[in-house]
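# Residue-level structural notes
What follows is the residue order along each chain.
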Amino acid sequence: ISVLFLTLLLLFLALFPGAFDCCMKISDEISKGTLRTVEKFEMQKADGPCYLEAIILHIKGKRYCVNPWNRKVKKMMKKMKHKIHRRKFHAQKQRRTRITKQKEQKQ
């Protein structure tokens, strides 16, 4: 039975390599310069196969696991969410302006 279980486990890991891609330890310190280069971030919850709560920062194709309670990290996350929201709003405003101009030209 144990050989069968081990075989199934290895097969699962081969088919789904990212299934257990968890942060196993987190860093408490991170520089402001490094935070400025973050491309995106995701949150790791302490449930399922991942036993540690963490923020995963993606920087130039690499992943960094940091403490979710770090004040600098929280501030960076707020700024990134704000920037994403503003970009979407700006794009919608430009589209509305373009549509309005097209309607005016047709009349």
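Presented here is an overview of the structure given in this document. (Residues numbered from 1 in each chain as written. Predicted model: local features only at pLDDT ≥ 70, side-chain atom pairs only at ≥ 80, totals over all residues. Heavy atoms only, no water.)

### Quick look at the state of the cysteines
In this structure the tally under the stated criterion is 2 disulfides. The residue that forms a disulfide with Cys-22 is Cys-50, at a sulfur-sulfur distance of 1.9 Å. Between Cys-22 and Cys-50, the disulfide has an S-S torsion of -65° and is therefore left-handed. Linking Cys-22 in the loop between helix 1 (2–15) and helix 2 (32–36) with Cys-50 in the loop between strand 1 (40–44) and strand 2 (54–59), this pair joins segments that are 28 residues apart in sequence. Of the two residues, Cys-22 and Cys-50, both sit in the buried class. Two residues, Cys-23 and Cys-65, share a disulfide whose sulfurs are 2.0 Å apart. (Disulfide = S-S within 2.5 Å. Helix = DSSP H or I, 4+ residues; strand = E, 2+ residues; numbered from the N terminus. Buried < 20%, exposed > 50% of the residue type's maximum accessible area, 1.4 Å probe, protein only.)

### Quick word on the sheet that holds strand 3 (residues 62–66)
In space, the 3 strands of this open sheet follow the order 1-2-3, with antiparallel pairing throughout. Both outer strands of the open sheet, strand 1 and strand 3, are each paired with one neighbouring strand and no more. Within the sheet, the average angular offset between the axes of one strand and its neighbour, ignoring direction, is 25°. As judged from the 5 bridges shared by strand 2 and strand 3, these two strands associate in the antiparallel manner. Note on strand 3: the bridge partner recorded for Ile-59 is Lys-62. (Pairing = 2+ DSSP bridges. Axes fitted to C-alpha atoms, helices over the stretch in contact; angles between N-to-C directions.)

### Topic: the nonpolar core
Grouped together as the largest cluster of nonpolar side chains are 12 residues: Ile-30, Leu-35, Val-38, Phe-41, Ile-55, Leu-57, Ile-59, Val-66, Val-73, Met-76, Met-77 and Met-80. Looking at this core, the elements with two or more residues in it are strand 2 and helix 3 (71–106). If you tally residues by element for this core, the top one is helix 3, at 4 residues. With sequence-adjacent residues up to four places away left out, Leu-57 is seen in contact with Ile-30, Leu-35, Val-38, Lys-40, Phe-41, Lys-62, Arg-63, Tyr-64, Val-66 and Met-76. (Core = buried A, V, L, I, M, F, W, Y, C linked by side-chain atoms within 4.5 Å. Contact = heavy atoms within 4.5 Å.)

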